[in-house]
Structure formats: structure tokens, C-alpha cells
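# Report on the structure
Here is what each chain is made of, one letter per residue.
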Amino acid sequence: MPALLVRTVIVAIFAAIALLPVAWMTTMAFKPPAEWTSAAGSLTFFPKNPTWANFQYVFTGSSPDQIVSLDRTVWSPLFASVLTSVIGTLIAVICGTIAAYAVSREKIGGNIGLSLLQLRIFPPLAVMIPVMIMWAFLGMTDTWWGLSLIYGIVTLPFSFWLMKAYFDELPREIEEAAIVEGCSPIEAFTQITLPIVASAVASTALFIFILNWSDYLIALLLTRKDWTTIPIYMNALATAASGQLYGAKAALGLIAAIPPVILGISIQRFLVRGLTFGALKQ
Amino acid sequence: MSSITLTNTTKKFGEFTAVRDMNLSIKNGEFVAILGPSGCGKTTTMNMIAGIEDASQGTIHFDDRDMTHTSMQKRGVGFVFQNYAIFTHMSVRKNLAFGLEIQGLAKPEVDRRVKEMAEFMALSHRLDQQSSSLSVNEMQKLAIGRSAIVEPSIFLLDEPLSNLDAAFRERMRLELRELQRKLGQTMIYVTHDQIEAMGLADRIAVMNHAVLQQFDTPENIYAKPANVFVARFIGAPSMNILRAHIARDGRKVSAQLGGLEADTIPLDNRLASLALQSGKQELLFGFRPETMRLADRKSAKTFAAEVSLVETVGRRRIGHFQSGLSTFVGTFARRIPLKAGEVVNIELDLDTCHFFDPDTELRLIEPEVETENG
Amino acid sequence: MTDVVSNSTQASAGTVAPAMAAQDKLSSARLSMAKKMLLPTQLLLVFIVAFPLIMQVYISLTWWTPLDGTPWYMAYLSWSWFDNYRELFLDDALWGAIWRTVLFVLIAVPIQFFFGLFLASLFYEGIAGKPVLYSLILMPMMIVPAVAGYIFFLIFQQTGPLNAIISLFYEDAFSVNWLNDVNRAFIAVIVADVWQWTPLMFLILFAGLMSVPEDQMRAATILGANWRQRFFRIALPRIKAVIVIALALRIIECFKIFDMLFVMTRGGPGVATESLSLYLYKQTFQSLEWSYVAAIGITVLIVLSVITGVLIAKAGKAARKQVEEA
């Protein structure tokens, strides 16, 4: 089977190209400053003197390799990232799911789906001026609830369209039967329909969590200091005193990259559906 | 036109053997049905001939060319899929032209042959429509036309009539026969419907549990089934096969159904010598429901049975009988009176009765030369 | 689930006749529940779409900036009518950024498409070690874009691994500053975007190819079609709608690109890699001309609405056609 071999080799080359840049950052996270660039000698893929110092630096604020200690460690951005991503996901999934159910079953809401889709199409920076003004006006800039709320809103189109696709596939008769047997419409939804789509809700939630976690731009615009998330913290880490902190930033990059990669692979079969707003199924 | 020879062909999917040690030789221009219950390996056999599946062992020859490892693209067979596999994103015309265009034929030639085939298949008025708009019956025709247009030497059809409505199936069966005659191709046809196989094929290959049971003309499959499976599978209602004890009283040999003396059937010379040559006391005795006759009175040739149930199906009357330990079925013309509970005398047409070996389940066959002399 | 279904048939069969009046009451109860369920999303949309939109139009008609010291609702004090809109048509920096963004889309998206399609076709034909290679190929798109930007920032450093690798093939040490050169920086950001988003194209196109009925591909093979003929005559035409969706998704996302560029180059050197989003960011935070940014935003909104309106209608038509064919 030479053709199979040729195809496998080509794909393996692409896979290597996909992997190597990430691997470079990963090994970088374990290198001491002397190995960060070729300025001080030759570069190697694997660290010559592997060290945990980069992680120590970002978690504790000081390390033997660095003169300047950090006034803010990774703990608070990590907490900010987790908290705002989770609450944003909850807002999006809860609002999106019930709205999708209403639209799917009663065909109300007019062009709400299209409006939501357009929310994803416009470049955020083209519409962020009034949002920034509002957030400042309402005291929501650089707060966890302000960031969570906007995360919930910008990922709402995904949860709405994804859940609508699932509800559309589900026959109405299932709830009607429950209602005939004495359930109220609310009970029919919470006790019959929701359990059936529970795994779909879970996949949608994980997918939206990845999106929120991966955000950079919104946090850049709507946080200042207290509630900056990991990607912001990471890219702001270069200090004037110590120059580029390649290794420490790589360690942060690794911390930021791991959750979405793990979650993404675990919902691999859902990704096509998720990315296309439920238009395509795998 | 090609002959097809399968030699010790075997297909395994992991541990599962789909086709075991198949030896089949199909003559040039023959129309062969592969018949068997679902899961018997008939579709796998055809897929191996088409090259869709590779044979795990053994060889496949078209004429004297070894095709075992030739890719399906190069085998030059026509294949009609069960679901027709119409290219629904193309027009009917494009579907028909597909094979010819792939061969790189000039456009006028392609157009001419498409037109010809469309006429033959009565699809002319549909040529420029999207093929997805066709009815199932038309899709069937298009599928056959699309394969036939490249004039393959071998034509394979996978249950092509199973999706059609009954009336159209009848007509399509005739058209298939007509097509095969016109093109003179070797045609193989997979089906689980014995009526289709019996009505269409020159020869039938009966398969069960991955093994070829018998390969013969429809007449022989019916009249001389190779074993218990074929005997039961062909014919409806299926052949009665009962345990029989062979009793010998001087020169007279008889079979006692269920081992009971009361249900004794005297055997003729042919059956007697078969039974004696087998050297076994217990055999399986087979007779077809349609070869049974109700005798007016009890005689040496008859045995008594009670009618337990009577069904009327169309012009036939099907009687279920109980005799001693045995139950069996008989079919009669509708005018024959038959009442449940009544005891009747039954006479068998011994020429059409068979013995089967209870261990191998093979039919006992008279050694040709000796019977000629005796 | 089967239980629920079988119960339903029994139950509804038994209660058809006396249920007409109850049915009306029930459906109005369900409708009012649905309206309540829609409410949170509608409120959020009013909060984040309707209200800000009015605000943005209002501000775009003034000279207001946060430097004025007046709150935003007093922006009418510097009312300017359509001066901002007039200005943006003459703003070379803006049009430069738009042109670069379009160029970026026109280069990056086709490369992603062809690599993605190529990979999808290889997977479709069959490869060894499929699950592992599939996950590896998908990995780049799961990396946080800002982190991906940092990874490529590292790779394209003058003292970074790319130059080190190229040096292996040169007598002299190869030492190019990728991100400080106008053309090389543009190439670098395209490489980074292609790396990150080819997997998305692959993922969607492969899912499309897998939906092509196997028997049709076999039928084409048996009719003598080779690999290329099957691919171009059967598989590709059948996944037209999928291709449209994949391209639309990437064009939209690519047009919005910000994170990766911001981390890698901040739009530099000069404005060599400054996309529309980066230009708007700089206007917002460096020049602080918020009313001008608002005007650009409204203009972009109008143009994109028209374009996407047409495209969505077309995609819908293609999708319907695909459904009819299947």
C-alpha cells in the first residue's frame, strides 16, 4: 500500500508543522534565560538545563533567574479568566437555551436569530465605543461582572443557534405527551426536554467556555488592572527592567493554552457543529 | 463479454468470515442469480467480483485474466447499487454521460450514445432534468442505463428491484432480461427473493453462512436440491423434511415416518436402493407440498394423516397435516375439499421424493452408472 | 426516550375528543411561557445592540472625545453633522488599513482553504493513525489566538528558532529580523494565521467530504473515474454548500483579525501589518478620537450588513438546494 504510506507521511508532516510551534513554546517554558534566544549561544529544542524557575516566577513573583520581582502574580488573572469565562458561559447557555426553545417551538421573536448572527459578524472594534462608554458610565469597567456580562452576550449567538438546531430536531410530541399527562409547559421543558438535550447543552457550554477563555480583545478594552485575564497578563509581562521575559511568558502561554486544547479535543466531534452555528453536523 | 471464475475465494472481516472457499465458474453471457438469506455473503461475493472488496484468499478470473488484485476502477464491470447511487447533483444526461466522458469519448459520440440509451430506458423526456427529481422507478432505470452505456463485459446488480413497487418490479424484471439479451453481457444478480431468481436466472448460486450451497439451473435447484438448506430455502411453502426409519421386510423396503409403523410409506426401487446404499437406519425424507395427492381410499401406497389446519391462499389451498409424530404441509388446487379434523389418505409422488443424510444433510444421490444398469 | 414516545401515542389517542378547549388554553399558556423565555435574550440585545447603536450614531455626529471632560450625553455641545463621515472618506490611513485587511483575507483564506481541502482529501482517501493525526492537525485552532501570536512572535525573532533552522542550510549565519521588515512582517503574520486556521478549514471540509455517500464514489470508480475525477466531479460539487460556509466563516473572522497581529507586531513596522481592527484600536486608545471611530464603525456596519445580507441569502439558497438533492 504505497499510496497509503505517501498520504500518511504527508499528513504526518502537516501534523508536525501543527505541533512544532506549540512544542517550541512548551520547551521554552522550561528553559533558563540563557537559552531563550540565540543571542547567548546556539538554540536547542530541548532545554539544556531544564528549570521550573519560569513557573516559579509567575506563580510566586520571584525566581532565582530574575532580579525584579513581580508585583502581581498569575493567580489573580487566572482567577479572573476562570471566573469570567464560567459566568459568561452560564449567561450565554442559559439565555441562549431558553430563547432557542421559545423560537424553535413557538416561532416567535422575529429576526432575533439574524440579529444574533450579525453580532458575530461585525468587528468588535467597530461597535465598542458605546459599549466602553456604557461600561464606564455604569461602573462595570474592570469588574468581574462587567466582563462576564459582555462574554455572555458575545457568545450568546453560538448557544442560541446550536440549541435551536437541537430543539428543531426534537419532535414536539414529546412535550405534548407530557402536558397531556398533566405536566405544566414549564415542567414539560425542564423535566422532559432538558434532560434529553443535556449532553448537547454540556457540549455547547464547553465550546463557549473555550471561546470566552480565548478572548483577548474584549478584556483588553474593558479591563484595566484588577480583572485582566491571562492572555492580557501574559502579553503585558515584559517589564522595562528585565527586558523580554520569553520563558516566563511561555510558561503563561502554556497555562493559557492547556484548558482549551484539552476541552477542544474532548468535544472534537462537536466542533464542526459548534463552529458553524449548528448548520453542519458531523 | 467475459466468463468469471472464482477459485477458493475467501473474504474475512477480522475474525468474521463473510465468504468461505468459494468456487464458482460463470459462463460467458450467462445470467446468474446469487440467492440466499441476508448475511449469507452474497453481496460480499459480488463486491469481490466488482473489486469493491479485496479477496482475502483465492483468485478471481475474468476469462483467463487474473483480476484478483485489479482495482475496481480498472475491472470494467457495470454495477447497479441497491440504492442506485445516482449522482443527484447532476442532470440525467450528465449521469448517463459520466462513464463515457471518463473514457474520454468525443462529444458527438457521447451525445449519440446517451440519446440511444435514454430511448432504450424510456428516459428521453427526462434527459435535462435534475436527477434528484426522478421517481424511484426512474432512478432504477437511470442506474441501469448509466452502467450499461459503457457496455461493460460483466454486469452486476445488487438487489436492484427491492426498492420498487410490486407492479413496476414485474415489468423491470422483463426489461432486465431484455437488456441482458440485447447486450449479451454476463450478468450477476444478487437477491434474497427466490421468485426473482427462479424467474430470471440461467443458473442460481444458493449461498448460506458464507458457503456456496449449490450452483445449478433453476429447474435442478428445485428438483434436485443439493442439501437440506437448499431444499427448504427454495419453494413456498418449503419442502417437508421428516425423520424416517428405514424398515426392510424381505424385498420390500419402506420408510416409517417418525419411526412409527402406522405411517409407513412403501418405497420404489430408486428410493429403496438409495436408502440401502446409505447403510443408515435413520434418514431424512423430503417431499414437496405440491407433489402430494389425496387418495380416494386407503391402499398400500397411502398413509393416513389428520388435517389440522387449512389455509386458502389465492388459488391454492394449503393443508397442515398431523400424522403420528410428524407434521407436514401440502398444497392443493382450491377445488379439492379439505376440512380440519378430517382424516385423509395421502399418496406421494415418489419420483420427486428425496432422502437426505441426517449427519451431513446432503441429498442422497444415485450413482449414475449403476442405476442405468439396474 | 422510547418510553416517552410510546406513552404519548397512547395518551393522545385517548384524549383527542374532549381536549379541544383545553388545547386552546394550553397553547396560550405555552405561548406566554415562550415569550418569557425569550425575554432575557431580548433584553440583552436591547442592552448591547439597540441602545449602543443609537448612542454610536449620536456620538458619530459630534466631535466628542473622552478628553473633552464632558460626559458622553453632552456630546451635542460639539455637534458636527456628517463631518466625521466626510473625513473618513479622505483618511488614507483608514483606507490603507482596509486595503491591507482585504489583502490579508485574499491571501490567507485561499491558502487555508487549499491546505485544508488537501488535508481533508488525504484523510478522506484514508491514512494510517487517523485519530492521533486528526487531533494533532486540529490543535493549532484550539490555541488561544493571543498565545498563538506570542508563539510566532518567538519563532520570528531575529534570535529565534526560524533563523537558527535556516542557518543550518547556509554557510553564514542567517539573521533576518522578520517582524521589523515591511514585507517579511506581512508574510510572518500570514504564516501565523494560516498555521492557526487551516485546521478549521480542514475540519469543516473533511466533515463535508464524509457526508458524500460512499456508494456514489464507488459508482464513479466502477465507471472508471480515477481519484482526481471522483474528487472534482462527485465530491467537490456535492459539498458546495459546506465550502461556502467554511469560506464565509474564515473571511468574516479573518476580516476581524486583531489578537494575533496585536501580539506579534502591534501593526508594525510602521503600518505594514495594521488591519482595520488595529487601526480602530489605535484611533480609540492613542488618538482618542471616539466620535470618529464611531463614524467609521457605523459605516463598516452598514457595508457589512449589505454584504452579509446578500451572502446569507445566497448561502441559504445553496443549503436548501443541497438538502433537496440529498
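These numbers come from a predicted model, not from an experiment.

Calculation notes
- Residues numbered from 1 in each chain as written.
- Chains lettered and ligands numbered in written order.
- Predicted model: local features only at pLDDT ≥ 70, side-chain atom pairs only at ≥ 80, totals over all residues.
- Heavy atoms only, no water.
- 1 Å grid on protein atoms, 1.4 Å probe; cavity = no way out; pocket = protein on both sides within 12 Å on 5 of 7 lines; lining within 4 Å.
- Points joined across faces, edges and corners; volume = space filled by probe spheres on them.
- Helix = DSSP H or I, 4+ residues; strand = E, 2+ residues; numbered from the N terminus.
- Nonpolar A, V, L, I, M, F, W, Y, C, P; charged D, E, K, R; others polar.
- Expected span 1.5 Å × (residues − 1).
- Buried < 20%, exposed > 50% of the residue type's maximum accessible area, 1.4 Å probe, protein only.
- Arc of directions from axis to C-beta.
- Contact = heavy atoms within 4.5 Å.
- Buried area = accessible area lost by both parts, 1.4 Å probe.
- Salt bridge = Lys/Arg side-chain N within 4 Å of Asp/Glu carboxyl O.
- Polar contact = N/O pair within 3.5 Å; in protein donor to acceptor, adjacent residues only side chain to side chain.
- Pairing = 2+ DSSP bridges.
- Axes fitted to C-alpha atoms, helices over the stretch in contact; angles between N-to-C directions.
- pLDDT = per-residue confidence, 0-100.
- Patch = residues over 30% accessible without salt bridge, like charges linked within 9 Å, V, L, I, M, F, W, Y side chains within 5 Å.
- Areas by Shrake-Rupley, 256 points an atom, 1.4 Å probe, with all protein chains shown as cover.
- Parallel < 35°, antiparallel > 145°, perpendicular 65-115°, else oblique.
- Left-handed = near helix turned anticlockwise from the far one by under 90°.
- Right-handed = clockwise from strand over helix to strand, strands pointing away.

### Observations concerning the layout of surface pockets
Reported here for the second largest pocket is a volume of approximately 960 Å³. Forming the walls of the second largest pocket are 26 residues, and the residues nearest its centre are Arg7(A), Met72(B), Glu125(C), Thr221(C) and Arg230(C). Put simply, the parts of the chain that give the lining of the second largest pocket at least two residues each are α1 (2-28) of chain A together with α4 (92-125), α8 (182-210), α9 (214-222) and α10 (227-238) of chain C. Here the residues of the lining of the second largest pocket are counted per class, giving twelve nonpolar, seven polar and seven charged.

### Digging into helix α8 (residues 185-196) of chain A
For an α-helix, 3.6 residues make a turn, and residues three or four places apart therefore share a direction. Residues and elements named next belong to chain A. Under the 1.5 Å per step criterion, the end-to-end length of α8 is 16 Å for twelve residues, consistent within 8% with the ideal 16 Å. Among the residues of α8, those classed as buried are Pro185, Ala188, Phe189, Ile192 and Thr193. Seen along its axis, α8 keeps its buried residues to an arc of 125°; they face one direction.

### Re the interface of chain B and chain C
Contacts between chain B and chain C engage 23 residues on the former and 18 residues on the latter. Across the interface of chain B and chain C, roughly 2,000 Å² is buried in total on both sides, 64% from carbon and sulfur atoms. Broken down residue by residue, the surface that chain B buries against chain C is led by Gln73(B), His89(B) and Ile102(B), which jointly contribute 31%. Across the contact surface, chain B and chain C share one salt bridge. A salt bridge links Glu101(B) to Arg233(C); the shortest N-O distance between them is 3.0 Å. Our count for the chain B to chain C interface comes out at seven residue pairs in polar contact (both at pLDDT 80 or more). Elements with a contribution of two residues or more to the side of chain B that touches chain C: β6 (77-80), α2 (92-103) and α4 (136-148) of chain B. A total of four residues in the side of chain B that touches chain C trace back to one element, the largest contributor, which is α2(B). For the side of chain B that touches chain C, the residue count by class is 13 nonpolar, eight polar and two charged.

### Side note on the arrangement of the chains
Once contacts are tallied for each of the two pairs of chains in contact, the highest total is for chains A and C. The least C-alpha distance between chain A and chain B, which are not in contact, is 12 Å.

### Details of the sheet that holds strand β4 (residues 57-62) of chain B
Residues and elements named next belong to chain B. One open sheet holds the four strands; their spatial order is β2-β1-β4-β5, and the pairing between them is antiparallel. Either end of the sheet is taken by a strand with one partner, and the two such strands are β2 (16-26) and β5 (65-66). Looking at chain direction, strand β1 (residues 4-13) and β4 are connected through five bridges and run antiparallel. Within the sheet, the bridge partner assigned to Thr10 lies in β4 and is Gln57. Here helix α1 (residues 42-50) sits on the sheet in contact with β1, β2 and β4, set at roughly 115° to β1.

### Observations concerning α1(B)
Residue and element names in this part refer to chain B. Counting buried positions along α1 yields eight of nine residues, so the element is predominantly enclosed. Of the residues making up α1, those classed as buried are Lys42, Thr44, Thr45, Met46, Asn47, Met48, Ile49 and Ala50. Directly beyond the C-terminal end of α1, a positive phi value near 95° is found at Gly51.

### Overview of the confidence of the model for chain B
Taken over all residues, the pLDDT of chain B has a mean of 86, while the share at 70 or more is 97%. Taken together, the chains of this predicted complex give a pTM of 0.81 and an interface ipTM of 0.91.

### Observations concerning the interface of chain A and chain C
In this assembly, 104 residues from chain A lie in contact with 97 residues from chain C. Between chain A and chain C, the buried area comes to about 8,800 Å², and carbon and sulfur atoms account for 82% of it. On the chain A side of the interface with chain C, the three residues burying the most area are Ile121(A), Leu125(A) and Ile129(A), jointly 7% of the side's total. Counting across the chain A and chain C interface gives three salt bridges. One salt bridge connects Glu106(A) with Arg30(C), and the closest N-O pair in it is separated by 3.8 Å. At the junction of chain A and chain C, the tally comes to twelve residue pairs in polar contact (both at pLDDT 80 or more). Considering every element that reaches the side of chain A that touches chain C, the biggest residue donor is α1(A), with 16 residues. Residues of the side of chain A that touches chain C, tallied by class, amount to 79 nonpolar, 15 polar and ten charged.

### Things to note about the environment of Phe285(C)
Of note, Phe285(C) is situated in helix α13 (residues 276-287). With relative accessibility at 28%, the residue Phe285(C) sits in the partly exposed group. Setting aside its immediate chain neighbours within four residues, Phe285(C) contacts Met132(A) and Leu221(A).

### Description of the sheet that holds strand β9 (residues 203-208) of chain B
Residues and elements named next belong to chain B. Taken in spatial order, the six strands make up an open sheet running β6-β7-β8-β3-β9-β10, and their pairing is mixed. The two strands at the open ends of the sheet, each matched to only one other strand, are β6 and β10 (211-216). For this sheet the average axis-to-axis angle between neighbouring strands, irrespective of direction, equals 15°. Bridge count between β9 and β10: five bridges; the pairing is antiparallel. Paired with Val206 across the bridge in β10 is Gln214.

### Concerning the pairing of β2(B)
All names here are of chain B. When β1 meets β2, the two strands line up antiparallel, connected through seven bridges. In the strand pairing of β2, Phe13 is matched with Phe16. Counting the residues in the hairpin turn of β1 and β2 gives two residues, including Gly14, whose phi is positive at 65°.

### Examining a nonpolar patch on the surface
Residues and elements named next belong to chain C. A contiguous nonpolar patch, built from Trp99, Val102, Leu106, Ile107, Ile111 and Phe115 and spanning about 520 Å² of accessible area, is present on the exposed surface. The topology assignment puts Val102 in helix α4. Given the relative accessible area of 30%, Val102 is considered partly exposed.

### A closer look at unusual backbone geometry
All names here are of chain B. A cis geometry characterises the amide bond from Ala236 onward to Pro237, with omega recorded as -5°. Its location among the elements puts Pro237 in the loop between α8 (228-233) and β11 (240-249). For Glu361, which is not glycine, the phi dihedral falls at a positive 65°. Tracing the chain through its elements places Glu361 in the loop between β20 (354-356) and α10 (368-373). Relative accessible area serves as the criterion here: at 38%, Glu361 is assigned to the partly exposed category.

### Considerations on the environment of Gln129(B)
Residues and elements named next belong to chain B. You can see Gln129 is positioned in the loop between α3 (107-120) and α4. Considering only alpha carbons, one finds Gln129 and Ser91, 38 residues apart in sequence, at a separation of 5.4 Å. Excluding residues that lie within four positions of it along the chain, Gln129 makes contacts with Ser91 and Val92.

### Structural notes on the packing of helix α7 (residues 173-180) of chain A against α8(A)
Residues and elements named next belong to chain A. For the pair α7 and α8, the least separation of the axes is 9 Å and the interaxial angle reads 135°. Judged by the angle between their axes, α7 and α8 are oblique. Considering how the two elements wind past one another, α7 and α8 form a crossing that is right-handed. Side by side, α7 and α8 meet where Ile174, Glu175, Ala178 and Ile179 of the first sit next to Pro185, Ala188, Ile192, Thr193 and Ile196 of the second.

### Focus: the pairing of strand β8 (residues 186-191) of chain B
All names here are of chain B. In terms of burial, β8 is a largely internal element, six of the six residues being buried. Here β8 shows no split at all, with Thr186, Ile188 and Val190 on one side and Met187, Tyr189 and Thr191 on the other all buried. You can see the chain leave strand β7 (residues 154-158), run along helix α5 (residues 166-183) and come back into β8, and the turn it takes is right-handed.

### Focus: the side chain of Ser91(B)
Residue and element names in this part refer to chain B. Tracing the chain through its elements places Ser91 in the loop between β6 and α2. A distance of 3.1 Å separates a polar side-chain atom of Ser91 from the backbone nitrogen of Lys94. Leave out the neighbours within four places in its chain, and Ser91 touches Leu127, Asp128, Gln129, Gln130 and Ser131.

### With respect to the pattern of salt bridges
Here the structure, examined in full by the defined rule, presents 32 salt bridges over all chains. Ionic pairing is found between Arg250(C) and Asp193(C), a salt bridge with its closest N-O pair at 3.3 Å. Pair noted here: Arg250(C) is in helix α11 (residues 240-255) and Asp193(C) is in helix α8, with a separation of 57 residues, a long-range link. Asp193(C) matches Arg250(C) in its accessibility class, with the two residues each being buried. Close ionic contact of Glu253(C) with Lys256(C) constitutes a salt bridge, the shortest N to O distance being 3.4 Å. Counted as one network, the salt bridges with shared partners bring together Arg105(A), Glu106(A), Arg172(A), Glu175(A), Glu176(A) and Arg30(C).

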